[in-house]
Amino acid sequence: MPTWSLRRRPGRTLGLLLLGILSLLVIRRYLYLEQGSCDHEVAQRLNWRNLISPWLRHRQSGLQAKGQNFMLEDSTFWIFGGSVHYFRVPKEYWRDRLLKMKACGLNTLTTYVPWNLHEPERGRFDFSGNLDLEAFVLTAAEIGLWVILRPGPYICSEIDLGGLPSWLLQDSGMRLRTTYKGFTEAVDLYFDHLMSRVVPLQYKHGGPIIAVQVENEYGSYNKDPAYMPYVKKALEDRGVVELLLTSDNKDGLSKGAVDGALATINLQLQHDLQLLTTFLFSVQGARPKMVMEYWTGWFDSWGGPHNILDSSEVLKTVSAIIDAGSSINLYMFHGGTNFGFINGAMHFYEYKSDVTSYDYDAVLTEAGDYTAKYVQLRDFFGSISGAPLPPPPDPLPKTAYESVTPAFYLSLWDALKYLETPVNSEKPVNMENLPVNNGNGQSFGYTLYETTIASSGVLSGLVRDRGQVFVNTVSIGFLDYETKAINIPLIQGHTMLRILVENRGRVNYGEIDDQRKGLIGNIYLNDYPLRKFRIYSLDMKKSFFQRFSSHEWNHVPEVPTFPAFFLGALSVALSPSDTFMKLEGWEKGVVFINGQNLGRYWNIGPQETLYLPGAWLDQGINQVIVFEEKMAGPVIQFTETPHLGRNQYIN
């Protein structure tokens, strides 16, 4: 078995690492200077390279693929990596999760970069708070981890549209992940901004980034042979100088490789290990082997089981991969949460959207707690490290708070008058093409369509993904992928027809060009297209709820009208702790705590609780808002342990 040990590296390499971390601590001081201060203005004028020890400027080689080995400078290097996505973990917990990674014996952090979250509107970029990529990378450096960055532009990652922004779909001819001009022009502008942040964080500039991935699993898509060379050149032209990689599963490996980048493979089961030698060798000959994604578990879909991969199976496969002379990245080391509406979906034989939890049955739980996998893998990596591992941090405390009984309520129909002026349109307009958000359309949430009808009959049309149909305020059923028509009962005179459509998550893997949401094309009553719509964008951002002042809320009636918002208060007496919300008796909706969107709940499972980070709670009173589509329970409960539903073992 190969051994990874600091003793195998010359002392100057360790010294280089320590000096690098000290330099990054100095840099971090400048990055966090208060905006508007004199010192901040001085820091903005300082060049990154001027803050780094002159000796560190002479990092020359970086991570290289030499023969069958990785080399970092002049030393053999094994990549023992783990994936953590900063956008799925509260910023306050980044350090905790990365310290646990270091204590497990890993030396490299890998992370995706979600374009759709960083550029929610064309030309408007957000790298603040939970999206502060630079702070995340610098935190890894301080802890002593190298970084492999996976910037896309497409990342899959079980995130909406694979991380591509939905405003791309405003173009009816859009061809995603190709050299179609409308796509590459958008990628170029995004990369101009993103790489200005990434380039200074590279190893050869004194930072921790030792490799960058070109796109993601393109061999499984493979619609344009010019696309991967374009992405590679786009990275290099903007200053990416570290080792380039590609990543594909066995079906896409031969088609996803690109000249000048090292091919790596994604797999899970032991019987796939032959791919390490046969597939990789056939693609690129005798070069370093790496499993870029060893899947430590799997994601869950609404209505399905909670997927489990036994810890003993994980240990056997990880050991076998390293015995085969391969580097490895654990996907996921820590999965985190699909906060808000960011979850993706799959649509092969049927449409299946991903649950809010991205627990993934990973090495750490959704809340960052230790598992049997962690204990066994730490023992394993400790046995080959050649040096004692740092002690694991203590687990974060959990609390089961007192149940909350919602005291106030506002039906959706009463809330409409407080919202922004609706869009008036002769025909239905899909979410992405609504003239909202500065012309960028609607990315996430719900859209309400209203029109007037004068007769009963059969209502039919293409609804993506789930449309609750109302006659006035009475729900009469749903339109979705399975139910494409519904009977409208007998009515008298002119009646309001309403369709509340939810984007349950755009497909993130497979065919993605058609992932527009809302009403797609015409909606028909007795085969006659309906006209004159009033359309409300219900994206439920923080600004959405700021329109509801206290006097607009009513006491909860005995028989509420749904859909509706329910308002309650969670009291936290001491320092806030993590907890899990349990909405027993509620059917389907979304939860907001102090304006933070925790994500969706749905009683079809498998997920039965929502993770609530203590970092998002205040000592004292915390606002709890639940948007419920159909049926409310009496209380909102809290528990110290998650309930992820019935288990299904992966084999």
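Draft legend 1. Broad picture of the sheet that holds strand β28 (residues 579-582). Taken in spatial order, the 3 strands of this open sheet run β31-β28-β33, and their pairing is antiparallel. Where the open sheet ends on each side, the last strands, each with one partner, are β31 (609-612) and β33 (637-639). Within this sheet the neighbouring strands show an average axis-to-axis angle of 35°, counted without direction.

Draft legend 2. Representation of helix α3 (residues 94-103) in the model. For α3, the buried fraction is high: 7 of the 10 residues fall into the buried class. Every buried residue belonging to α3 is among W94, D96, R97, L98, K100, M101 and A103, and all of these are buried. Where α3 is buried, its residues contact β4 (80-84), β5 (108-112), α5 (133-143), β12 (326-334), α11 (372-385) and β31. Immediately beyond the C-terminal end of α3, within one or two residues, lies G105, with a positive phi of roughly 95°.

Draft legend 3. Spatial organisation of the confidence of the model for the protein chain. Chain-level pLDDT for the protein chain is 90 on average; 91% of the residues reach the 70-or-more range. Contacts of residues 1-55 to residues separated by more than four positions or lying in other chains number 89 contacts, the stretch itself having pLDDT below 50.

Draft legend 4. Inspection of the environment of T108 at higher detail. Tracing the backbone through its elements, the reader meets T108 in strand β5. With near-sequence residues (within four places) excluded, T108 lies in contact with F77, I79, F80, G81, G82, M101, L145, W146, V147, I148 and I210. One polar contact links T108 to N107, side chain to side chain, over a distance of 2.8 Å.

Draft legend 5. Summary view of the packing of aromatic side chains. Applying the stated criterion across every chain, the model contains 45 aromatic pairs. Their ring planes at 70° and their centres at 6.3 Å tell us that Y418 and F548 sit as a pair that is edge-to-face. Highlighted residues: Y418 in the loop between α12 (412-415) and β16 (423-425) and F548 in the loop between α13 (542-545) and β26 (554-555), separated in sequence by 130 residues. Given a relative accessible area of 25%, Y418 falls into the partly exposed group. Measuring from centroid to centroid gives 5.2 Å for Y446 and F627, while their planes differ by 75°, and the two rings are edge-to-face. Of this pair, Y446 sits in strand β17 (residues 446-453) while F627 sits in strand β32 (residues 620-628); the two residues are 181 residues apart in sequence, bridging distant segments of the chain. A connected cluster of aromatic rings, assembled from ring pairs, spans W115, W167, F183, Y190, F191, Y218, Y221, Y227 and Y230. The ring centre of W602 lies 4.9 Å from the NZ or CZ of K588, which sits over that ring.

Draft legend 6. Fine view of the packing of helix α10 (residues 311-323) against α11. One way to put it is that α10 packs onto α11 with a least axis distance of 9 Å and a crossing angle of 30°. In terms of axis orientation, α10 runs roughly parallel to α11. The two elements α10 and α11 meet at a crossing, and its hand is right-handed. Of the residues in α11, those in contact with S311, S312, V314, L315, V318, S319 and I322 of α10 are A372, K373, Q376, L377, F380 and F381. Classifying every residue of the contact of α10 with α11 gives 8 nonpolar, 4 polar and 1 charged.

Draft legend 7. Main features of unusual backbone geometry. With an omega of 0°, the peptide bond between Y331 and M332 qualifies as cis. Residue position: M332 is located in strand β12. Along the chain, F562 connects to P563 via a cis peptide bond; the corresponding omega equals -5°. Note that P563 resides in the loop between β26 and β27 (564-572). Of note in this structure, K532 is not a glycine but carries a positive phi near 60°. Counting through the fold element by element, K532 comes out in the loop between β24 (528-529) and β25 (533-538).

Draft legend 8. Structural view of the pattern of salt bridges. Counting across every chain of the model gives 29 salt bridges. For R95, the salt bridge identified is with E142, shortest N-O distance 2.7 Å. With a gap of 47 residues between them, R95 in helix α3 and E142 in helix α5 connect regions that are remote in the sequence. The buried category is assigned to E142, whose relative accessible area is 16%. Ionic pairing is found between R150 and E293, a salt bridge with its closest N-O pair at 2.8 Å.

Draft legend 9. How the structure looks around α5. When you tally the buried positions in α5, you get 11 out of 11 residues, the bulk of the element. Taken residue by residue, α5 has L133, E134, A135, F136, V137, L138, T139, A140, A141, E142 and I143 as its buried positions.

Draft legend 10. A look at the side chain of S83. Here S83 is to be found in strand β4. Side chain to side chain, S83 and T110 meet in a polar contact 2.5 Å long. Ignoring anything within four residues of it in the chain, the contact list for S83 reads M101, T110, R150, N329, L330, Y331, M332, F333 and H334.

Draft legend 11. Quick look at the pairing of β27. Counted residue by residue, β27 has 7 buried out of 9 residues, so it is predominantly covered. Here strand β15 (residues 408-411) runs beside β27; their pairing, made up of 4 bridges, is antiparallel. When the bridges of β27 are listed, F408 appears paired with L567. Inspection of the sheet shows β27 paired to β32 by 9 bridges, in the antiparallel sense. When the bridges of β32 are listed, F566 appears paired with V626.

Each value, and the rule that gives it
- Residues numbered from 1 in each chain as written.
- Predicted model: local features only at pLDDT ≥ 70, side-chain atom pairs only at ≥ 80, totals over all residues.
- Heavy atoms only, no water.
- Pairing = 2+ DSSP bridges.
- Helix = DSSP H or I, 4+ residues; strand = E, 2+ residues; numbered from the N terminus.
- Axes fitted to C-alpha atoms, helices over the stretch in contact; angles between N-to-C directions.
- Buried < 20%, exposed > 50% of the residue type's maximum accessible area, 1.4 Å probe, protein only.
- Contact = heavy atoms within 4.5 Å.
- pLDDT = per-residue confidence, 0-100.
- Polar contact = N/O pair within 3.5 Å; in protein donor to acceptor, adjacent residues only side chain to side chain.
- Phe/Tyr/Trp six-rings, centres within 6.5 Å; stacked < 30°, edge-to-face > 60°.
- Lys NZ or Arg CZ within 6 Å of the ring centre and 35° of its normal.
- Parallel < 35°, antiparallel > 145°, perpendicular 65-115°, else oblique.
- Left-handed = near helix turned anticlockwise from the far one by under 90°.
- Nonpolar A, V, L, I, M, F, W, Y, C, P; charged D, E, K, R; others polar.
- Salt bridge = Lys/Arg side-chain N within 4 Å of Asp/Glu carboxyl O.

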